[in-house]
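Geometric and topological summary
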Amino acid sequence: MSDPMQIAPATAPKTRWQRIVDSDIFFSYTRSPVTIIASLVALMLVLMAVLAPWIAPHTPFDPSTIELMDGFTAPMGDSFSGKSYLFGTDDQGRDLLSTIMYGSRVSLFVGFSATLFAMVLGISLGLAAGYRGGMLDTVIMRIADVQLSFPAILIALLIFGVARGLIPPERQENTAIWVLILAIGLSNWAQFARTVRGTTMVERQKDYVSAARLLGRHPLAIVTRHVLPNVLGPVLVIATISLALAIIEEATLSFLGVGVPPTQPSLGTLIRIGQRFLFSGEWWILAFPAFTLILLALSVNLLGDWLRDALNPRLRK
């Protein structure tokens, strides 16, 4: 008979992958078919954009490869040159599938960069306002309140117009994408700042922050090493949703003709070009870029909704 007092052998520690599989977030993900489909669609579109130079059937912005006589070729239709175009061609004979893949690169780059800029700015201002309080908190939050009173697209239009006015005309085309990132980022930082500020005000009252103060830790070290990790959960949710909004904002600005230059068209630019030919029968020039934008924004939004529910125990079903 075995000794009842014998100590059971210690189990091997779980690997990182095992901890991920056993987590509540992974369980929530595997139980949501909509989230799985949305993540696969988003991954496919991102890979399609990133790998465009290697997998695109044609190079749509190289004049030497464009067949002008193939213009307005219907999807899977017979072209003048005999080439096959899955999504058809636009008015200049460019392959629409390749154009969408290259246009998605610009839209995703602007969306990711603008969201990252807004997140860094919003987190920094939110931490400063929530931890320091006083006049600094009042000034930052009043600016955020004023900005949130207006639609983000109007703020982006204003910033874009002011920035373009300060840049010499000969440099405007080369800096258009960076100005667009700046405009969209500055129009979306307030949501991050308000969320981080509220969470920081709660965290600064807890015992671990008081203990760090008693130990003489510098306020910047307390904020970055102790408070910041505890406010990243809500920030990730806002960042996911803001990414979809930033992509739509970029498409809206480009559709209005104040976004990226024609030499680097995004999905919004392609939609603006396609809407000119919608009522003349060439529906595919508008339909496929618009459908791609809808799929991209919808899939990212669905991922943001799932992440919000997964990170908030009160919203779990």
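Residues numbered from 1 in each chain as written. Predicted model: local features only at pLDDT ≥ 70, side-chain atom pairs only at ≥ 80, totals over all residues. Heavy atoms only, no water.

By the naming in an unreviewed UniProt entry, the chain goes by Peptide/nickel transport system permease protein and is assigned to Gemmobacter megaterium. Quoted straight from UniProt, the Subcellular location (unreviewed entry) entry for the chain says "Cell membrane". What UniProt records for the chain under Sequence similarities (unreviewed entry) is the sentence "Belongs to the binding-protein-dependent transport system permease family." (UniProt positions renumbered as here; feature names shortened; annotations may be inferred.)

Side note on the layout of surface pockets
The computed volume of the second largest pocket comes to approximately 280 Å³. If you trace the second largest pocket, you find 15 residues lining it, with A42, T240, L243, V300 and L303 closest to the centre. Looking at the lining of the second largest pocket, the elements with two or more residues in it are α3 (33–50), α5 (96–132), α12 (232–255) and α14 (284–311). It is α14 that provides the largest number of residues to the lining of the second largest pocket, a total of five residues. (1 Å grid on protein atoms, 1.4 Å probe; cavity = no way out; pocket = protein on both sides within 12 Å on 5 of 7 lines; lining within 4 Å. Points joined across faces, edges and corners; volume = space filled by probe spheres on them. Helix = DSSP H or I, 4+ residues; strand = E, 2+ residues; numbered from the N terminus.)

A few points about the packing of aromatic side chains
To describe a pair of aromatic rings, you give the distance between the ring centres and the angle between the ring planes. Enumeration over the complete set of coordinates arrives at six aromatic pairs. For the pair F109 and W178, a centre-to-centre distance of 5.6 Å together with 85° between the ring planes defines the contact as edge-to-face. Note that F109 is positioned in helix α5 and W178 in helix α8 (residues 169–186), a separation of 69 residues in sequence. Summarising the aromatic geometry, the rings of W283 and F288 are spaced 5.9 Å apart at their centres and angled 45° between planes, so their arrangement reads as tilted. An aromatic cluster is defined as three or more aromatic residues linked by ring pairs; in this entry it consists of F87, W283, W284 and F288. (Phe/Tyr/Trp six-rings, centres within 6.5 Å; stacked < 30°, edge-to-face > 60°.)

A closer look at the nonpolar core
Within the largest apolar cluster, 28 residues are counted, with the highest numbers of intra-cluster contacts made by I100, M101, I247, L293 and L296. Sorting the residues of this core by element identifies α3, α5, α12, α13 (267–274) and α14 as the ones contributing at least two each. With seven residues, the single largest contributor to this core is α14. Setting aside residues no more than four positions away along its own chain, L296 makes contact with L45, L108 and I247. Core analysis: the second largest hydrophobic core is formed by 18 residues, I155, I159, A246 and L253 among them. (Core = buried A, V, L, I, M, F, W, Y, C linked by side-chain atoms within 4.5 Å. Buried < 20%, exposed > 50% of the residue type's maximum accessible area, 1.4 Å probe, protein only. Contact = heavy atoms within 4.5 Å.)

Examining the pattern of salt bridges
A complete count under the given rule lists five salt bridges for this structure. In this structure, the salt-bridge partner of D90 is R94, at a minimum N-O distance of 2.8 Å. Like R94, D90 is buried. For the salt bridge of R194 with D145, the shortest nitrogen-to-oxygen distance reads 2.6 Å. Residue R194 is found in helix α9 (residues 189–203), and its partner D145 is found in helix α6 (residues 134–148); the two are separated by 49 residues along the sequence. You can call R194 partly exposed: its relative accessible area is 41%. (Salt bridge = Lys/Arg side-chain N within 4 Å of Asp/Glu carboxyl O.)

Some thoughts on the UniProt feature "domain: ABC transmembrane type-1" (unreviewed entry) in the chain
Taking the numbering used here, the UniProt-annotated feature "domain: ABC transmembrane type-1" (unreviewed entry) corresponds to residues 104–304. Span residues 104–304 is 81% helix and 0% strand, its end C-alpha atoms 20 Å apart.

Here's the deal with empty space enclosed by the protein
A complete count under the given rule lists two cavities of 30 Å³ or more for this structure. Residues that form the lining of the largest cavity fall into these classes: three nonpolar, four polar and three charged. Size it by volume and the second largest cavity reaches roughly 40 Å³. Around the second largest cavity, the lining residues are D90, R94, L96, T99, L270, I273 and I285. Of all elements in the fold, only α5 and α13 reach the threshold of two or more residues within the lining of the second largest cavity. Of the residues assigned to the lining of the second largest cavity, the class counts are four nonpolar, one polar and two charged. (Nonpolar A, V, L, I, M, F, W, Y, C, P; charged D, E, K, R; others polar.)

Quick look at unusual backbone geometry
Although it is not a glycine, F72 adopts a positive phi angle of roughly 65°. Tracing the backbone shows F72 in the loop between α4 (52–55) and α5.

Details of helix α11 (residues 219–227)
Of all the residues in α11, the buried ones are A221, I222, V223 and V227. Buried residues in α11 make contact with α5, α9 and α10 (207–214).

A word on the environment of I294
Tracing the sequence through the fold places I294 in helix α14. Judged by relative accessible area, I294 falls into the exposed class, the value being 52%.

So, the UniProt feature "transmembrane region" (unreviewed entry) in the chain
Under the UniProt annotation, "transmembrane region" (unreviewed entry) lies at residues 34–56, 106–131, 143–163, 175–196, 227–248 and 283–307. Across residues 227–248, the secondary structure splits into 82% helix and 0% strand, with the terminal C-alpha atoms separated by 32 Å. A helix fraction of 96% and a strand fraction of 0% characterise residues 283–307, whose end C-alpha atoms lie 36 Å from each other.

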